[in-house]
Amino acid sequence: MNAWVAEVAALTRPDRVHWCDGSDAENAELVRRMEADGTLIRLNEQTHPNSFLHRSDPDDVARVEHLTFVCTPERDDAGPNNHWMAPAEAHAKIDALFDGCMEGRTMYVIPYCMGPIDSPLSRCGVEITDSPYVVANMRIMTRMGAPALARIEKEGSFVKGLHSTGELDPNRRFIMHFPAELTIKSYGSGYGGNALLGKKCHALRIASYQARSEGWLAEHMLILGITNPQGETHHIAAAFPSACGKTNLAMLIPPEGYLKDGWKITTVGDDICWMRPGKDGRLYAINPEAGFFGVAPGTSKKSNPNALACLQRDAIFTNVGVTADNQPWWEGIGNGLTPVTDWRGEPYDADKRPAAHPNSRFTVSARSCPSYSPEAENPEGVPISAIVFGGRRASLVPLVFEARDWTHGVLVGAAMGSETTAAATGAVGVMRRDPMAMKPFCGYNFADYFSHWLSFDNGSNKLPKIFHVNWFRKGDDGTFLWPGFGDNLRVLEWMIGRVKGEAGAVETPIGNLPAAGDLNLDGVELGEEARAKLFGFERDGWKAEFDSIGEYLDTYGPRMPQALKDEQRRVVESLD
Ligand code: GTP
Ligand code: SPV
Ligand code: MN
């Protein structure tokens, strides 16, 4: 590792090199310097102790998928799902940007561990960065510092991540991955998914590549525990695309009647899940992260009380608005306060722009979450009873259905579509295929990824049931038909009922749907239109959808596994 750090220092030429130990003293000193230069603005100490606002460059507020590359030696190994560049060309291009880029700056060396420090499922990395904001965020999001360094020295192998904010010019910005070299190089952005390299770059793109050859899965999934009134706990992993509800589902608080009966949700993770078969053939999952980097807008006492409780202290808010008494503020916070300054630091003007950027985020330790599960620290991980896929679909897709078996479930995941959100730059609200919510994050060819998923059905594994949900179905008037949030527990209850063989369903060509009475809707007001659209099966619409799914699978050519194409044909035939 020392040789690599020396090599990077020779290229980037920083004034100083600082090895991060993760201590409180180190963090206090970094914060002091960031307050002094305006990188962090201290928020109201009475209402939000030890919390800070960071305003990013206005052109650096989201992931940049068009500038993100997977650099495998063969183009086909990256697949049509990724932008590709030959490794030698990519290194040359980005190293030219790194040349001397840290002159006058401090270079921070951050050893980190993704997952519990003593877990065999965890993996380590080192991120080198010139951004103290990245250090402060990595300290919350990962197990960073001395224990990680000790594990790295013992293991010898780790993921190498090099990051510089550069000059934040969107035309001189690249996020490059070299999976075969366990290397990431990111230049020109300070934004979360582009700059906190432990997160999407390591824990999804590099990890998914490693997971394929080592027989496990690295997924864009939340992990939650659901405990029923009898005290039985099941764990569920769910993949929804960016800004489509993972944080909210992971921290769900049951509706009134359920609470009284003793239902409880515990949070293991809200964004990333690593899982592999245990000795008993079940899939065991860990959350490789130690914090939440969550979407701020829409987070309120009503929609997500657990998230709001986490945010009472020790949080970093990026690109939110502020009130006159210096409290963080965003659209949908619903606390009766009004913003005076918007995320760009200008006087708030509702006609000009929202107070908070639509992709504004909070960074906070998972330990501060009231629903954080003690099981999240279990080195063995938690056994998964159900896998859920879901998208943001205004039309066609019902509230919930169950896949018939594993192969059908893999097709359901591969066929996922969702309307784009502000989490990545580009148009919002455009429907695109986002298989398993991994379109921006799979570090290799999707065709091989689907084969890998199919391979888990090997006759000896005891695999979870697979479901699909859509919290975002709209009515003719354009409003959401399903209340969502806490009421999503009703859907989870049905899933666990199906896992246990207790809940009913009707078979349709797309899978098994709850019939009237199968799902507990006591206390939910649903009109005629809502019931029809949330629980109905629209044959003609699905015919067109499955034609488009077939065309999508064909874009991967002969590498697409025959079993998946056969499954798609079976559904098409049953739709006739
Ligand atoms: P990433 O961190 O980008 O991966 O996103 P995420 O999947 O964790 O999304 P998150 O839970 O932060 O939700 C994003 C947006 O969807 C927020 O504005 C939420 O308020 C909204 N949302 C979440 N769950 C629901 C739901 O059940 N119904 C509706 N209507 N909106 C929801
Ligand atoms: C996402 O975009 O899916 C996120 C935020 O969770 S980021 O870490 O920026 O990728
Ligand atoms: Mn995410």
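Residues numbered from 1 in each chain as written. Chains lettered and ligands numbered in written order. Predicted model: local features only at pLDDT ≥ 70, side-chain atom pairs only at ≥ 80, totals over all residues. Heavy atoms only, no water.

K.L.:
Explain the coordination of the manganese ion (ligand 3) residue by residue, including any values.
P.N.:
With distances of 2.1 to 2.4 Å, the protein atoms coordinating the manganese ion (ligand 3) are Lys200 (NZ), His220 (NE2) and Asp271 (OD). Classification of the site at the manganese ion (ligand 3) rests on its six donor atoms, whose angles at the metal span 67 to 173°, yielding the label irregular. Sequence spacing among the residues donating to the manganese ion (ligand 3) works out to K-x19-H-x50-D. One end of the pair, His220, is in the loop between β12 (217-219) and β13 (222-227); the other, Asp271, is in the loop between β15 (264-269) and β16 (273-277), with 51 residues separating them in the sequence. You'll find His220 and Asp271 in the same group, each marked buried. (Donors = N, O, S within 2.8 Å, 3.2 Å for Na, K, Ca; no water. Tetrahedral: all angles 85-135°; square planar, octahedral: opposite > 155°, others 65-115°. Helix = DSSP H or I, 4+ residues; strand = E, 2+ residues; numbered from the N terminus. Buried < 20%, exposed > 50% of the residue type's maximum accessible area, 1.4 Å probe, protein only.)

K.L.:
Describe the site of ligand 1, and please don't skip the residues or the numbers.
P.N.:
With respect to spatial proximity, 21 residues lie near ligand 1, and among them Ala243, Lys246, Thr247, Asn248 and Arg361 are the closest. His220 is positioned with one of its side-chain polar atoms (N or O) 3.4 Å from an oxygen atom of ligand 1. Separating an oxygen atom of ligand 1 from a backbone N or O atom of Cys244 is a distance of 3.3 Å. Summarising the interface, the protein chains cover 91% of the accessible area of ligand 1, which totals 660 Å² for the free molecule. Considering each element in turn, the shell around ligand 1 owes the most residues, three residues, to helix α9 (residues 246-250). Class assignment of the residues belonging to the shell around ligand 1 gives a composition of nine nonpolar, eight polar and four charged. Looking at the shell around ligand 1, you find at least three residues from each of domain 2 (219-291 + 374-575) and domain 3 (294-368). (Near = heavy atom within 4 Å. Polar contact = N/O pair within 3.5 Å; in protein donor to acceptor, adjacent residues only side chain to side chain. Areas by Shrake-Rupley, 256 points an atom, 1.4 Å probe, with all protein chains shown as cover. Nonpolar A, V, L, I, M, F, W, Y, C, P; charged D, E, K, R; others polar. Domains from an automatic or database assignment.)

K.L.:
If you had to explain the site of ligand 2 to someone new, which residues and values would you point to?
P.N.:
Neighbouring ligand 2 are 13 residues, the closest being Arg63, Tyr191, Gly193, Lys200 and Ser242. Taking Gly193, its main chain carries an N or O atom lying 2.8 Å from an oxygen atom of ligand 2. Between ligand 2 and His220, the relevant distance is 3.3 Å, taken from an oxygen atom to a side-chain nitrogen or oxygen of the residue. Relative to its free-state accessible area of 290 Å², ligand 2 is covered by the protein chains to the extent of 98%. Using a 2 Å cut-off from the grid points, one finds that ligand 2 occupies the largest pocket. Elements that contribute at least two residues to the shell around ligand 2 include exactly α7 (192-195) and α8 (198-214). Taken together, the residues that form the shell around ligand 2 break down as four nonpolar, four polar and five charged. Looking at which domains feed residues into the shell around ligand 2, each of domain 1 (2-214) and domain 2 (219-291 + 374-575) gives three or more. (1 Å grid on protein atoms, 1.4 Å probe; cavity = no way out; pocket = protein on both sides within 12 Å on 5 of 7 lines; lining within 4 Å. Sits in = over half its atoms within 2 Å of the grid points.)

K.L.:
I'd like a rundown of the environment of Asp314, residues and numbers included.
P.N.:
The topology assignment puts Asp314 in the loop between α11 (305-310) and β19 (316-318). Here the alpha-carbon distance between Asp314 and Ser368, two residues 54 residues apart in the chain, equals 8.9 Å. One polar contact links Asp314 to Asn50, side chain to side chain, over a distance of 2.8 Å.

K.L.:
Let's hear about the domain arrangement of the protein: which residues, and what values?
P.N.:
Once the domains are mapped, the protein shows domain 1 (2-214), domain 2 (219-291 + 374-575) and domain 3 (294-368). One C-alpha centre belongs to domain 1, the other to domain 3; they are set 25 Å apart. In this assembly, 23 residues from domain 1 lie in contact with 26 residues from domain 3. Roughly 2,100 Å² is buried in total at the junction of domain 1 and domain 3, and carbon and sulfur atoms are behind 53% of that figure. Three residues stand out in domain 1 for area buried against domain 3, namely His48, Arg55 and Ile140, and they jointly supply 25% of the buried area on that side. Scanning the region where domain 1 abuts domain 3 turns up zero salt bridges. For the pair domain 1 and domain 3, the number of links is 17 residue pairs in polar contact (both at pLDDT 80 or more). Looking at the side of domain 1 that touches domain 3, the element that brings in the most residues is helix α5 (residues 132-141), giving five residues. The residue makeup of the side of domain 1 that touches domain 3, split by class, is 13 nonpolar, eight polar and two charged. (Contact = heavy atoms within 4.5 Å. Buried area = accessible area lost by both parts, 1.4 Å probe. Salt bridge = Lys/Arg side-chain N within 4 Å of Asp/Glu carboxyl O.)

K.L.:
Lay out the sheet that holds strand β20 (residues 321-323) in plain terms, naming residues and giving numbers.
P.N.:
One open sheet holds the three strands; their spatial order is β21-β20-β22, and the pairing between them is antiparallel. Looking along the sheet, the strands with just one partner apiece sit at the ends: β21 (328-329) and β22 (339-341). Bridge analysis of β20 against β21 gives two bridges, and the strand direction is antiparallel. Bridged to Val322 within β21 is Pro328. (Pairing = 2+ DSSP bridges.)

K.L.:
Tell me about helix α13 (residues 446-455), and please be specific about residues and values.
P.N.:
Along an α-helix, residues three or four positions apart point the same way, because every turn accommodates 3.6 residues. Taking burial as the measure, the 10 residues of α13 include eight buried ones, the bulk of the element. Those residues of α13 that sit buried are Phe446, Ala447, Asp448, Tyr449, Phe450, His452, Trp453 and Leu454. For α13, the secondary structure elements touched by its buried residues are α8, β12, β24 (382-390), α12 (406-414), α16 (539-554) and α17 (562-575). The distance from a side-chain oxygen at the start of α13 to the backbone nitrogen of Ala447 is 2.8 Å, and the residue carrying that oxygen is Asn445.

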